[in-house]
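Chain by chain, the residues:
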Amino acid sequence: MRSDRIKIVWIYPDLLSTYGDQGNCIVLERRAALRGIPTQTVNVRSDEAVPVDGDIYLLGGGEDRPQILAAQRLRADGGLARAAQYGSVIFAVCAGYQLLGTEFGGEEGQPVEGMGLLDIRSARGENRAVGEIVGEVDSSLGIPKITGFENHQGVTHLGPGARPLAKTVLGIGNGDGYEGAYRDHVIGTYMHGPALVRNPALADLLLRWAVGQDLQPIDDSWAGRLREERLNAVLT
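Summarised in this report is the structure supplied together with it. (Residues numbered from 1 in each chain as written. Predicted model: local features only at pLDDT ≥ 70, side-chain atom pairs only at ≥ 80, totals over all residues. Heavy atoms only, no water.)

1. Some thoughts on the overall build of the chain
So, step 1. Scanning the chain from N- to C-terminus turns up seven helices and 11 strands.
So, step 2. Scaling as 2.2 N^0.38, a compact globule of 236 residues should have a C-alpha radius of gyration of about 18 Å, and the chain matches this with 16 Å.
So, step 3. In terms of principal-axis extent, the alpha carbons of the chain reach across some 45 × 45 × 30 Å.
So, step 4. Taken over 236 residues, the chain has a buried fraction of 51%.
So, step 5. Within the chain, counting contacts between residues at least 6 apart in sequence, those at least 24 apart form 68% of the total.
So, step 6. Accessible surface computed for the chain: about 10,300 Å², of which carbon and sulfur atoms make up 48%. (Helix = DSSP H or I, 4+ residues; strand = E, 2+ residues; numbered from the N terminus. Rg over C-alpha atoms; globule rule 2.2 N^0.38 Å. Buried < 20%, exposed > 50% of the residue type's maximum accessible area, 1.4 Å probe, protein only. Contact = heavy atoms within 4.5 Å. Areas by Shrake-Rupley, 256 points an atom, 1.4 Å probe, with all protein chains shown as cover.)

2. Concerning unusual backbone geometry
So, step 1. Cis geometry is adopted by the peptide bond preceding Pro194, which originates at Gly193 and carries an omega value of -15 degrees.
So, step 2. Here Pro194 is to be found in the loop between β11 (186-189) and α5 (195-198).
So, step 3. We note that Tyr12 has phi near 55 degrees; this positive angle belongs to a residue other than glycine.
So, step 4. The topology assignment puts Tyr12 in the loop between β1 (6-11) and α1 (23-33).
So, step 5. Judged by relative accessible area, which is 1%, Tyr12 ranks as buried.
So, step 6. One non-glycine residue, Asp184, adopts positive backbone phi at about 55 degrees.
So, step 7. With respect to the element layout, Asp184 can be found in the loop between β10 (178-183) and β11.

Next up, the structure:
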């Protein structure tokens, strides 16, 4: 956190906001406010420059053509890449996740150059993954099972420079038994829901990275009960 508040940057809502992923902004704002941490949220449209002074950058899902356009503009702009070099937190979902990699499949399956911020490659699979997804998170991140909703036809392969976010318990995820990927403070996932609403511990991980210290505990008992009910329902 470079000032007295967390700056949240929601990237390209005009291109990457198909599945309600902007809810991730709302839950970060709310969970920060419950701890007395001020936030500032900046919506950056695709014809605007990406600021390099953000603390948390969020990317959502989108259709094929908007995803390609977003990747082209983000590469040309360079702001997100510089922010990553500065150690900013990046959380990307679905199309946003794919375009953080070195390449992804375009509307005809053709390879499209990505940002190269995660060591992953994505392509178009034969079948579409639609439905609930649950994963056991990498133990080094210290958070419980993650749950969300996936709707994609991507197959994602991780290189040696990325680690799987979670081992898939239910659903398809990357297509190899794992879901998502991360490196340093950059996380990508196929989970909608929105992901951070359904996984408050994941939201707190991003906030903790942004402020650089442990967070004040808050009462999550009601959210915990709802999570357990949902997990029990989808896993039985």
